[in-house]
Amino acid sequence: MFIIASPVNEVSISALNACFLLYDVDKKLAYSAMFLAISICHDYLKHRIYNLEDDSDLAEELYSLEYTVHEYFQSDDLIIKLPEYKSPWIELKEVKYRPSSNYHLNKFFDAIKWERSDEQWDTTFLSHVLKQLPTKELLHSEFKEELLNFIENLINWTIELIEPSWSEQYSHEDNHSSLYEFSDALCNVISTICEVLPFNETYSRFAEPILLLKSEECWQLIEPLVRYCSCKLYDESIVSEDVIKILERCLDRFLQIEELKNDCYRIGKFDVFKNNTLKSLMFTRITQFDSAKRFANGNWSEISLILPIIDRLVREAGWVSVVMKNFVQLCDHAKNDYPAEVFADQVLTVISKPKLVGWQGSTLYSRISELVQFFAERDNPLDLETGQKLLRIIDWLIDQGDRRSASLQQSELFRSIKVN
């Protein structure tokens, strides 16, 4: 187990994984390994071992840690408390205020009164630890509450680092540019917690604090949270309704972004995090994965599971071309199972909007026309109500200059259908 403290990451990770694989045989060993791996992240202990800095103090620190683990492993104690992450910031005394880059404009309010605390954490190695955790097993054991408390503390620490509680009053330097891998691993654990435990135990504690963030940097956390929660719907034999509820709350947050507001000069110009979030919410990010239980394996028979999310997303944001393109892509993949009347209602809602951004010159008109034709042929003969709705879409597409729709209107599929 103490090989985990090896200066070589590959060796450490292999040793940690070996301990976790023995969870069913010796739970205490696995938990001890987790405690040791998290502890050596504090103040970059593992990194300092590799660089042989402060040999005497380092040896004493490492010995103390190993002794603690050994004592716990030999004792009758069920758990040992995992390390806590304190605030990543400290407030400076007034005599130590440092000027910001705009200090010449305002010599009082622009002074930097906060700086990173001396306590540092090796988030790079910690991300490897989080990826290896047997999260589901721990959640069904006596270690459950200790794990939940640790993850909650880790979320709060990460949020404070990304969006400091004092940031509305004071400027601060970007000290979190390398957090993506860590955020990715953390949100993977959170998604598993949300899958295993009920919504009323997980949302306010683990997901809501992330979704309440307002800065642009918050998408480093929101995007992987949405991605991993959506992946649960691809991979799990039994879909958790609680995960779907989490995704619905994530959709609420996505619909609040500036790029979906009429008065924003950057309408529809999503950065990579928001674009990936959109794809995850629209279930177009993973197009083919044969080992998936649904959707990505080509089987969309359970599309009703995600229709509430899709329906709201396309109705409220489909007027922006990037959203509508993802919707059309989804319909292409799921067209054998997608309800024609639902599709018609959604498209009619979108095209009734007073403003369609980015549609002009795109392939959206022809692609919607193709889908209308496919649904009409698939469900032929159409019931009158669905046929009239699809015909209204065709009439609108003709007004936009789509030639395919003009010929489709005169086809046998719609010749007998009249729109009042």
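Owing to the predicted nature of the structure, the values given are computational and were not obtained by experimental measurement. (Residues numbered from 1 in each chain as written. Predicted model: local features only at pLDDT ≥ 70, side-chain atom pairs only at ≥ 80, totals over all residues. Heavy atoms only, no water.)

Details of the pattern of salt bridges
Then step 1. On inspection of all chains with the given rule, the structure shows 23 salt bridges.
Then step 2. Among the ionic pairs, Lys 389 bridges to Glu 341, the shortest N-O distance being 3.0 Å. Highlighted residues: Lys 389 in helix 17 (residues 384–399) and Glu 341 in helix 15 (residues 340–351), separated in sequence by 48 residues.
Then step 3. Classification of Lys 389 by relative accessible area gives buried; the value is 11%.
Then step 4. Among the charged side chains, a network of salt bridges with common partners joins Lys 136, Glu 195, Lys 232 and Glu 236. (Salt bridge = Lys/Arg side-chain N within 4 Å of Asp/Glu carboxyl O. Helix = DSSP H or I, 4+ residues; strand = E, 2+ residues; numbered from the N terminus. Buried < 20%, exposed > 50% of the residue type's maximum accessible area, 1.4 Å probe, protein only.)

Structural notes on the packing of helix 7 (residues 144–162) against helix 8 (residues 180–196)
Then step 1. Packing of helix 7 against helix 8 brings their axes to within 11 Å, and their N-to-C directions diverge by 140°. Of the possible angle classes, the one that applies to helix 7 and helix 8 is oblique. Crossing handedness for the pair helix 7 and helix 8: left-handed. On helix 8, the residues that touch Leu 148, Ile 151, Leu 154, Ile 155, Trp 157 and Thr 158 of helix 7 are Phe 182, Leu 186, Val 189, Ile 190 and Ile 193.
Then step 2. Taken together, the residues of the contact of helix 7 with helix 8 sort by class into 10 nonpolar, 1 polar and no charged. (Axes fitted to C-alpha atoms, helices over the stretch in contact; angles between N-to-C directions. Parallel < 35°, antiparallel > 145°, perpendicular 65-115°, else oblique. Left-handed = near helix turned anticlockwise from the far one by under 90°. Contact = heavy atoms within 4.5 Å. Nonpolar A, V, L, I, M, F, W, Y, C, P; charged D, E, K, R; others polar.)

Structural notes on the side chain of Ser 362
Then step 1. By the secondary structure assignment, Ser 362 is in the loop between helix 15 and helix 16 (364–378).
Then step 2. Within the structure, Ser 362 has its side chain in polar contact with the backbone nitrogen of Leu 364 (distance 3.3 Å). (Polar contact = N/O pair within 3.5 Å; in protein donor to acceptor, adjacent residues only side chain to side chain.)

Let's talk about the side chain of Thr 202
Then step 1. Relative to the helices and strands, Thr 202 resides in helix 9 (residues 199–211).
Then step 2. What Thr 202 contacts, discounting residues up to four positions off in sequence, is Ile 193, Cys 194, Leu 197, Ala 207 and Ile 246.

Let's talk about the state of the cysteines
Disulfides are covalent bonds that connect the sulfur atoms of two cysteines.
Then step 1. According to the stated counting rule, one finds 0 disulfides in the structure shown.
Then step 2. Cys 19 takes part in no disulfide bond, and the closest cysteine sulfur to it belongs to Cys 41, at a distance of 15 Å.
Then step 3. With no disulfide of its own, Cys 264 has Cys 218 as its nearest cysteine by sulfur position, at a separation of 15 Å.
Then step 4. Given the relative accessible area of 12%, Cys 264 is considered buried. (Disulfide = S-S within 2.5 Å.)

As for the nonpolar core
Then step 1. Formed by 144 residues in total, the largest nonpolar core has its most connected members in Leu 130, Ile 151, Tyr 338, Phe 343 and Phe 414.
Then step 2. Examining the composition of this core, we find that 10 residues originate from one element, helix 7, more than from any other. (Core = buried A, V, L, I, M, F, W, Y, C linked by side-chain atoms within 4.5 Å.)

Thoughts on a nonpolar patch on the surface
Then step 1. A cluster of nonpolar side chains, contributed by Ile 3, Val 8 and Val 11, occupies part of the molecular surface with about 230 Å² of accessible area.
Then step 2. Looking at where Val 11 falls in the secondary structure, it is placed in helix 1 (residues 9–21). (Patch = residues over 30% accessible without salt bridge, like charges linked within 9 Å, V, L, I, M, F, W, Y side chains within 5 Å. Areas by Shrake-Rupley, 256 points an atom, 1.4 Å probe, with all protein chains shown as cover.)

Regarding the packing of helix 15 against helix 17
Helix packing for two helices is described by the angle between their axes and how far apart those axes are.
Then step 1. Where helix 15 contacts helix 17, the axes come no closer than 9 Å and their chain directions differ by 35°. Note on packing geometry: the crossing formed by helix 15 with helix 17 is left-handed. Side by side, helix 15 and helix 17 meet where Ala 340, Glu 341, Phe 343, Ala 344, Asp 345, Val 347, Leu 348 and Ile 351 of the first sit next to Glu 385, Thr 386, Lys 389, Leu 390, Arg 392, Ile 393 and Trp 396 of the second.

Details of helix 5 (residues 123–132)
Then step 1. All buried positions along helix 5 are accounted for by Thr 123, Phe 125, Leu 126, Ser 127, Val 129 and Leu 130.
Then step 2. Turning to helix 5, the residues buried within the fold contact helix 1, helix 2 (27–39), helix 3 (45–51), helix 7 and helix 8.
Then step 3. The N-cap residue of helix 5 is Asp 122: its side-chain oxygen and the backbone nitrogen of Thr 124 are 3.3 Å apart.

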